[in-house]
Each structure stands twice: as C-alpha cells, then as structure tokens.
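What follows is each chain in one-letter form.
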Amino acid sequence: MCESLIFRYKMKSVHIFIDEFGTPALNVGKEGVIPYFAYAAIVIEESELENARAVHQQVVKKYFNGTHIKSSNIHNDEKGHIKRLNIINDFSAIKHYVVALLVDKAKIESEGLGYKKSFIKFFNRIISEHFKGLYEEIHIHFDKTGRKAFQDELKEYMASHCGIEKTLFSNNTFEVQDDITEEPLIQMADFYAGCIGKYYCGIPNKKHADAIHNAIKSFLFIDWFPIEFSNYFGAQSFNSNAYNKQIATIAIETARSYVENTTNDEVGVEIVKLLLHEAYVNPYRPISSKEIKNRLGRQGIAIGDPIVEISRLRDNGVYIISPIGKKGYKFPCNDKEIAEFFDRISLNVVPQLKRAHILHKILVEQSCGEYNILKDGNYGILSSLIGVIVDR
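The following paragraphs examine the structure supplied in this document. (Residues numbered from 1 in each chain as written. Predicted model: local features only at pLDDT ≥ 70, side-chain atom pairs only at ≥ 80, totals over all residues. Heavy atoms only, no water.)

## Some details on the overall build of the protein chain
Then step 1. Helices and strands together make up the secondary structure of the protein chain, namely 13 helices and eight strands.
Then step 2. Referenced to the eigenvectors of the C-alpha coordinate spread, the extents of the protein chain come out at roughly 90 × 55 × 45 Å.
Then step 3. Across the 392 residues of the protein chain, 47% fall into the buried class.
Then step 4. A sequence separation of at least 24 residues applies to 73% of the contacts in the protein chain between residues at least 6 apart. (Helix = DSSP H or I, 4+ residues; strand = E, 2+ residues; numbered from the N terminus. Buried < 20%, exposed > 50% of the residue type's maximum accessible area, 1.4 Å probe, protein only. Contact = heavy atoms within 4.5 Å.)

Below, the structure is given as structure tokens:
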C-alpha cells in the first residue's frame, strides 16, 4: 500500500471509560443468568473532557433528577426507549466514540474463564488492547469491581499483560474507580453498555433495536467474542425468506479468515470488521465510501479512496459486493445480490470491451494495418476478451 494513501495519526492523550452489561457467570442455562456480556469503552480526547463533564451534568439533571446515570434505571417501555434516544442525542454534543466488546457466554469453551476474576481480567485485557498504539497516551478508567485486593490485582495484571501503567517511558494509566464518587464519566459507559446489551443481544422489539442502532452506528465499533457470535441484533432479518444463510456464511467466512490471518493490513482489517459488524446487525444495508472514511477517521485512521482498499480486499478473496442501485459495499446474503453484483461487473466490463473493439477497428482500418496494437503479445488476454464479446 502506498504510504501516501494511508497513515494513522495519534491524538496526544485520550481517556477511556469502561463499564459492563451482564455478569461473568457462564451457567447460562440457569434462570436469571443473562447469556451475553458486554463491555462499552467511551473514548474522549483529553481536551474534550471539560465539555464532556458539563454535558454529563446536564444529562444527569435532565433525566435522572440530579443523581447519577444508571442504565438499569431506564425502563424498557416506550417511554424508556425515547429517553435512551434523547440521551444519545444529548451525548452527541461530546466528541467521542464507543468501542464495544460483545461476548456470547454460551460459546466460551475455556474452563478457566468460569472463574469471575479470570473472566474480568481476560476480557478487560481484550478490550483495553484495542487501544494500544493508537494514541500517545491512554488513561483507562474502569468501573470499580470487587474488593480492593482484587482491584489492585487487576491493576497489576493490566500492567504486566497490557503494559498499561505509568513508567519513565509511558504516561499510560489504568485506574479502577467508583462511577459516582471518583469518576462520573464512567456513567456514560454504563449507559452505552446498557444500550448495547439490551439492543444487540436478542431484544424482541425490533423497532426499538433499529432506532437505537441507527442512533449510535456512526460512532460505535463492535468486537465480538468469539468471532462467530451469531445471536445478532437484527434477528428478524435472518429469518426472512430473502436471507440465504449458506451464501452469507460463505462470504462472512472469507472476511473472518482475513481478519484472523492478516497482520500487515490495519486499514483493510478495520474495513472488513466494519462490514462484518453491519452484516451481523443489518445484513441488507451497504456501507458507503463516505461512511467508511468517517468511521475509520473516528479511530484515527485516514485513508485515500476506499474503492482502492475494497478492490485490494477482493483481490485477497474477501467476498465484498456492491449492490446495483445502491452506493456502498456489503457481504452478500442471497443469490439475487450475487447475480446483481455480477450484472454490475458485466455492465462495466462489456461496454468497455465493445468500445475498445470499435476504436481498435478504426485505427487499424485508417492506418491500413500499420497500427494494430492488439497484435502485441502484451495484449493477448485483452484481444481474446474483445473477440469473445464481438463474436457473441
């Protein structure tokens, strides 16, 4: 990839506020045990903290009687749904983005993660590692959990396994804090964790789920654990007769393979993860070049023309299509979409071959055969393709 087309810039310092939805308990068959677990990490640049605190206080006064934000205190009825949308809208006054880690506990095979402490350490490390190397400084504020002995143990674990600690060579920090008395902005993470947990983990009200997704999709990035997470937010979409699971699985597997096996293509991997996210929540919606640039830009990734990146991903076997009549890219989810994609290729390629034949014929005829470029061996494939089109 040409260095002029891609670069990552580093903000000087960001603060990351993390909270959870659900519990570490893995016995999902037991009554009352939620089968999903979610972390939400809110990323705010240090220069934006003052504004974030001011907006947070406004939200607390407006919706929570001046106490504190608690997602579980928002009802699941229509009134509560509208309240969530209004809060999301108010939070838009803060420059921030959200990284979520969604865990399908039923698919966890490691017995070690059955222990609460191991579970919290493991998944805290996973979501925290998402930010390593992105910024000059990261300051992680994790909602207080367990007793002080475990909190100290967690901080030591993050320092030794993630390198998130303050040293002579690094100003990175990891703090376990109370979201009321020590770091109120963690309440934002509690709110988003609630939205993500409720609306991306099998909620039956698809209308509410669609509205929440549309409100936060532009600044939300989701990592799935395990990557074959399949209890999708848009569950009803996957039960439609228009959805062909076999076709969708083939395409999605090409994407998963690329993400899992590619180490030297940060931009390509992030684009694939973005398309995968949409395939999990709204399999019929294509993502435009503009949206790709904007959403990667929120992560500090600047790219040139996304078309170039998409073409390169296709060259590497990632099955991305461009639907006819729609701007953007997606993974196919039925044979109709695949047929339309190949029709689109045909509409681009066949007319160009016909034009090449017309112009080549003019040049040969007018020069009495002196200029016959297609006789050159370098154009053998092109000449054969033109012959196929002309002879049809």
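After that view of the structure, there is still more to cover.
## Observations regarding the packing of aromatic side chains
Then step 1. In total, this model carries twelve aromatic pairs according to the counting rule given.
Then step 2. Judged by centre distance (5.9 Å) and plane angle (75°), the ring pair of Y192 and F219 falls under edge-to-face. Residue Y192 is located in helix 5 (residues 186–199), and its partner F219 is located in the loop between helix 6 (206–216) and strand 7 (220–225); the two are separated by 27 residues in the primary sequence. In this pair, the class of Y192 matches that of F219, namely buried.
Then step 3. One aromatic cluster is present, formed by F37, Y39, F119, F122, F123, F142 and F174 through successive ring pairs.
Then step 4. Directly above the aromatic system of F64 lies the positively charged group of K83, at a separation of 4.7 Å from the ring centroid.
Then step 5. The aromatic ring of F221 is capped on one face by R295, whose charged end is 5.1 Å from the ring centroid. (Phe/Tyr/Trp six-rings, centres within 6.5 Å; stacked < 30°, edge-to-face > 60°. Lys NZ or Arg CZ within 6 Å of the ring centre and 35° of its normal.)

## Let's talk about empty space enclosed by the protein
Then step 1. All told, the structure shown has three cavities of 30 Å³ or more when counted by the stated rule.
Then step 2. Roughly 90 Å³ of volume is contained in the largest cavity.
Then step 3. Surrounding the largest cavity, L220, F221, I222, D223, E270, K273, L274, H277, R295, L296 and Q299 form its lining.
Then step 4. Elements with a contribution of two residues or more to the lining of the largest cavity: strand 7, helix 9 (266–281) and helix 10 (289–298).
Then step 5. Partitioning the lining of the largest cavity into residue classes produces five nonpolar, two polar and four charged. (1 Å grid on protein atoms, 1.4 Å probe; cavity = no way out; pocket = protein on both sides within 12 Å on 5 of 7 lines; lining within 4 Å. Points joined across faces, edges and corners; volume = space filled by probe spheres on them. Nonpolar A, V, L, I, M, F, W, Y, C, P; charged D, E, K, R; others polar.)

## Section: helix 8 (residues 245–261)
Then step 1. The end-to-end C-alpha separation of helix 8 is 24 Å, in line with the 24 Å expected for 17 residues at 1.5 Å each.
Then step 2. Of the surrounding secondary structure, the elements contacted by the buried residues of helix 8 are helix 9, helix 11 (306–315) and helix 12 (335–366). (Expected span 1.5 Å × (residues − 1).)

## Observations concerning the sheet that holds strand 6 (residues 173–177)
Then step 1. The strand order 6-5-2-3-4-7 describes an open sheet built from six strands, whose pairing is mixed. Every other strand in the sheet has two partners, leaving strand 6 and strand 7 as the edge strands with one partner each. In this sheet, adjacent strand axes meet at a mean angle of 20° when their direction is disregarded.
Then step 2. One ladder, built from eight bridges, connects strand 2 (residues 14–21) with strand 3 (residues 36–45); its direction is antiparallel. When the sheet's bridge partners are listed, I16 is paired in strand 3 with V43.
Then step 3. Helix-sheet contacts for helix 3 (residues 116–129) involve strand 2, strand 3, strand 4 (97–104), strand 5 (138–143), strand 6 and strand 7, and the interaxial angle to strand 3 is about 40°.
Then step 4. Contacts from helix 4 (residues 148–162) reach strand 5 and strand 6 within the one sheet, and its direction differs from that of strand 6 by about 160°. (Pairing = 2+ DSSP bridges. Axes fitted to C-alpha atoms, helices over the stretch in contact; angles between N-to-C directions.)

## Some thoughts on a nonpolar patch on the surface
Then step 1. A surface patch of nonpolar side chains, about 440 Å² in accessible area, is lined by L363, Y371, I373, Y379 and L382.
Then step 2. The partly exposed category is assigned to L363, whose relative accessible area is 38%. (Patch = residues over 30% accessible without salt bridge, like charges linked within 9 Å, V, L, I, M, F, W, Y side chains within 5 Å. Areas by Shrake-Rupley, 256 points an atom, 1.4 Å probe, with all protein chains shown as cover. Salt bridge = Lys/Arg side-chain N within 4 Å of Asp/Glu carboxyl O.)

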